[in-house]
Each structure stands twice: as structure tokens, then as C-alpha cells.
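# Tertiary structure, described
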Amino acid sequence: MLVLIANLGSTSFKYRLYRMESTGQEVLAKGGYERVTDYAAVIEDALATLTKDGVIASADEIDAVGFKTVLGKDLSGCVLADDACVKALEDFAAVAPAHNPPYANGIRQFAQSLPNAKLVALFETAFYQWVPEARSTYALPQSWRDAGIRRYGFHGASHKFVAERSAELLGRDEVAAGTAALYQQGPAAITGKPLRVVSCHLGGSSSVTGILNGVAIGTSMGFSPQSGLPQNNRVGDLDSGAIPYAMKTLGLTLEEAERQLTKDSGLLGLSGVSNDIRDINEASQAGNANATLAIDHLIDSIRHWVGAFAWQMGGLDALVFTAGIGENGRELRAAVCAGLEEFGLVLDEQRNAACRAVEAELQADHSRVKVFVIPANEELVLAREVYRKISSLS
Ligand code: ADP
């Protein structure tokens, strides 16, 4: 089965073509476009390139297209990307303005360009469907809750990959298999000793997720991707009282307050330097106190959420770092793991310093808790889910 994974950003389009078999998969091609203004044109160009390069004889050979959609109103899981799915994305466009409109448009475009292919959406919220209600609910009046305001959770494909891979690395293949089949079969049966993992997806956008026996039990992200850890230029968690107060005292309109919280905040807002942790590190080393504060705030938030989930799960077997900062930020990893000897977590300094963007174990030999770097592979999770979905239809 040929599965095209379409990654649609607000101004970018990236793709990967997989050949999926029951025994495994192979990446046949990948490519992408930046500064996109005409999605129809780049999708046609990508299909033409795959044909011209001889990867496929014709675009008709593509059996399915997978979309990593963020969140939809009253819709989650791994579903056919049909009109109902597009409507669910559009109905929540205001909650994820950078993500939902490009996906709604992209799905429509692919339906035209590849009329015979099956279109499948895997919602980033899907991994959180088994989070206990007490943890996914905000203490709001019924009318707000009826409007869909609750904790959803994002980066689901990335954290699911970590859940599967960490279980394999810990020799718990039955948990890995249960996690792999999660959306078809529901939560893996909890057998034997619990497996407690906390996954830190730290990139342009970041979240921390607690995973018990391969199933998410909670996450730092809330109603929108505008929550939890400080993001590159989005605020992260903020007291709801701050917004009306800032509007009144700073004379901001709601639109301007929203713009500042989504564009001028997070690591950029705190550091005043950049939204990229590499620039912020450099400025911090040169003595910029705001840059140091931004880094310290990020580290503090990560430790806060790791601690929360380790406590909820009654302990920790593995702490995992993934995505751009998690895979490359050795100083940040060291700071997140500092002073946890009491909890049985001891980082090996040399292993940590040597690890850059490759799968690795970073704990000291005598550390009870494992510390892994697992490079992000959201596309693979998506390709596998599309394959399972299509196979279950036939
Ligand atoms: P996203 O997909 O959410 O945009 P990525 O997972 O690609 O994010 O991560 C991007 C971030 O990773 C960058 O903003 C940068 O801060 C960080 N990053 C990338 N490379 C390095 C590196 N070598 N050292 C430290 N941080 C890095």
C-alpha cells in the first residue's frame, strides 16, 4: 500500500511517501516547500515530481493520504478525512488558527487531486482519549464545558511513538504492541508491573505527557496548543485573570491581546532575543539576564510537569527527550535531570554530552530510572495508523 503523509503548515508543505506492508515499511521519497501561498500548485508539483523521478508511474498509484490534524470539534481518533472531518476542523479554527485552516484546505485539495485515494486524518488529540475525566476537565460552568472547553492534549503522534519505542527499549514488547494497536483496540490491558514513562516533546512547540503502560494519562497541553510549557512564541500556561486585567490596564483589544499571547510571548517574549533556543543560549552565555530567565523558566516548567506525572503514576521507569530541543539540548537535559538522585534518576554526564539527535540511553549505570533520547518520528506513526485504518476497511 502506498501512503503519502502530508504535513501542512501555515506556509509550508512537506510530504513523505511510504510503502507499507504488514511486515514493515519503507520511505520511497520525501520533499517539501516553504513560503507556500498556493497549496493547489505545490500539491500538483509534488505529485508531478514523484512521477517524473520514477518513484511512481502515476499519481493514481497512491492508495491513501494521511494528515496529522490537530483538533476538531467533537471529533478525534483516526478517521476518514471526509466532509465531517473538514467541518470539525473548521468549527475549531479559532482554537488552532495556525493549523486547522491549512489542513481543512489541504484535505479539500487532495480530494480533488487524488479522487481515488482514501484520505485519513489522525488527530493529535487521539492519544489522550483515555485520560481520566477528572484530569481533562476544567472547573467551569456546564455551558462552557458543553461548548467543548476541556483539556485535549497535542503532539499525540510524537508521544505515541515515544510510548511504543520506550516500551521496546525497556523490553516490554507486549506494551509496545498494545500501544501500536491503541486506536483500533482501545487501551492495552494492564498486565504485570506498571510501566511508567514521561515523554518530553521539546521543540518549536513543546509538551510533557505521562504514559502508563503505553496509554497517555495526562499532558501539559490543555484546550489549545497555547498552553502548558512556554512555546517558541506562545505563552504556555497563564492565569485566566491576566487577560482581562491586561486588556484593561494596557488598553488592549481582545484581538491585540490574543496576537501578543500567540506571537510575542513564550521564549521570544521572555528573552526578548529570539524564539529559537540556540540564539537564546548564546545570548545567555553572553550575559543577557532575560535570555537566562527564559531558559530557566522552560526548565522549571518541564520539571514541574515531569514531577506531576511521576507522582500520578506512583513512580517513574523512564524519562524520554524528543524533538529539536529534547534531542539536541544537552545542557537543558542535564538541568531537567539535576538533583534527582533521591528519586533514583542519575544522568551520566558523558553520555548526555555525547548525544545529539540519535537514539541513546543517558542514565548512569547505577540509575534506577532510565533516561532516553528518542528522535521524533511522527510521520511513521501516522503512516502506520493510515495503513491500519485502510486495512480495517477492506
Ligand atoms: P517544531 O517541529 O515544533 O518546529 P522541532 O522539533 O524541529 O520543532 O524543534 C525546533 C527547535 O529545536 C528549534 O527552535 C531549536 O530551538 C531547537 N534546536 C534545533 N537544533 C538544535 C540544536 N542543535 N541545539 C539546541 N536546540 C536545537
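Everything below is about the structure shown above.
Residues numbered from 1 in each chain as written. Predicted model: local features only at pLDDT ≥ 70, side-chain atom pairs only at ≥ 80, totals over all residues. Heavy atoms only, no water.

Strand pairing in a sheet relies on backbone hydrogen bonds, with the paired strands running either antiparallel or parallel. Taken together, the 6 strands give an open sheet; going across it, the order is 9-8-7-10-12-11, and neighbouring strands pair in mixed fashion. With partners counted over all chains shown, the strands left at the sheet margins are strand 9 (215-219) and strand 11 (360-361), one partner each. Bridge count between strand 10 (residues 318-322) and strand 12 (residues 370-373): 4 bridges; the pairing is parallel. Along strand 12, the bridge assignment pairs L319 with V371. Contacting strand 7 (196-201), strand 8 (207-212), strand 10 and strand 12, helix 6 (residues 156-169) runs over the sheet at an angle of about 135° to strand 7. In this fold helix 13 (residues 289-313) packs onto strand 7, strand 8, strand 9 and strand 10, with an angle of close to 15° to the strand it touches most, strand 8. (Pairing = 2+ DSSP bridges. Helix = DSSP H or I, 4+ residues; strand = E, 2+ residues; numbered from the N terminus. Contact = heavy atoms within 4.5 Å. Axes fitted to C-alpha atoms, helices over the stretch in contact; angles between N-to-C directions.)

Taken in spatial order, the 6 strands of this open sheet run 3-2-1-4-6-5, and their pairing is mixed. Looking at which strands have only one partner, the edges of the open sheet turn out to be strand 3 (24-33) and strand 5 (78-80). For this sheet the average axis-to-axis angle between neighbouring strands, irrespective of direction, equals 25°. Relative to strand 6 (residues 118-122), strand 5 runs antiparallel, the two being bridged by 3 bridges. By the bridge assignment, C78 is partnered in strand 6 with L122. Across the sheet, helix 3 (residues 100-113) lies against strand 1 (2-8), strand 2 (13-21), strand 4 (64-67) and strand 6, angled at about 145° from strand 1, the strand it touches most.

Time to look at the pairing of strand 2. Here strand 1 pairs with strand 2 via 7 bridges, running antiparallel. What sits directly across from V3, in strand 2, is Y18. Taking the residues between adjacent antiparallel strands as the criterion, strand 1 and strand 2 are bridged by 4 residues. Sheet topology places strand 2 next to strand 3; 9 bridges connect them, and they run antiparallel. Directly across from R16, in strand 3, lies its bridge partner K30. The turn linking strand 2 back onto strand 3 is made up of 2 residues.

Attention shifts here to the site of the ligand. Taken together, the residues surrounding the ligand are G203, G204, S205, D276, I277, R278, A323, G324, I325, N328 and R356. At 3.0 Å, a backbone N or O of G204 approaches an oxygen atom of the ligand. One of the backbone nitrogen or oxygen atoms of G324 is found 2.8 Å away from an oxygen atom of the ligand. Protein chains shield 63% of the accessible area of the ligand, which is 580 Å² for the free molecule. Those elements that place two or more of their residues in the shell around the ligand are helix 12 (277-285) and helix 14 (323-328). (Near = heavy atom within 4 Å. Polar contact = N/O pair within 3.5 Å; in protein donor to acceptor, adjacent residues only side chain to side chain. Areas by Shrake-Rupley, 256 points an atom, 1.4 Å probe, with all protein chains shown as cover.)

Tracing the backbone through its elements, the reader meets T219 in strand 9. For T219, the side chain forms a polar contact with the main-chain oxygen of V208, separated by 3.2 Å. Ignoring any residue separated from it by four or fewer positions in sequence, one finds T219 in contact with Y128, R151, G153, S207, V208, T209, W305 and F309.

Evaluation of the coordinates by the stated rule reveals 19 salt bridges. Among the ionic pairs, D74 bridges to K73, the shortest N-O distance being 3.7 Å. We note a salt bridge from D264 to R259, for which the minimum N-O separation is 3.0 Å. Relative accessible area serves as the criterion here: at 37%, D264 is assigned to the partly exposed category. Connected via shared salt-bridge partners are K160, E164, R384, E385 and R388. (Salt bridge = Lys/Arg side-chain N within 4 Å of Asp/Glu carboxyl O. Buried < 20%, exposed > 50% of the residue type's maximum accessible area, 1.4 Å probe, protein only.)

On to the nonpolar core. V208, I302, L319 and F321 are the most contacted members of the largest nonpolar core, which has 37 residues in total. Put simply, the parts of the chain that give this core at least two residues each are strand 7, helix 12, helix 13, strand 10, helix 15 (330-336) and strand 12. Looking at which element gives the most residues to this core, the answer is helix 13, with 11 residues. Not counting residues within four places of it along the chain, the set of residues in contact with I302 comprises C200, L202, V208, L229, L332 and V336. Core analysis: the second largest hydrophobic core is formed by 36 residues, Y18, F127, F372 and V386 among them. (Core = buried A, V, L, I, M, F, W, Y, C linked by side-chain atoms within 4.5 Å.)

Turning our eyes to something else, we now look at helix 3. Here helix 3 contains 14 residues, and its C-alpha end-to-end distance of 20 Å stays within 8% of the 20 Å for a straight helix at 1.5 Å per residue. Regarding helix 3, the residues found buried are N100, P102, Y103, A104, G106, I107, Q109, F110 and S113. Taken together, the buried residues of helix 3 touch strand 1, strand 2, helix 1 (39-52), strand 4, helix 2 (83-91) and strand 6. (Expected span 1.5 Å × (residues − 1).)

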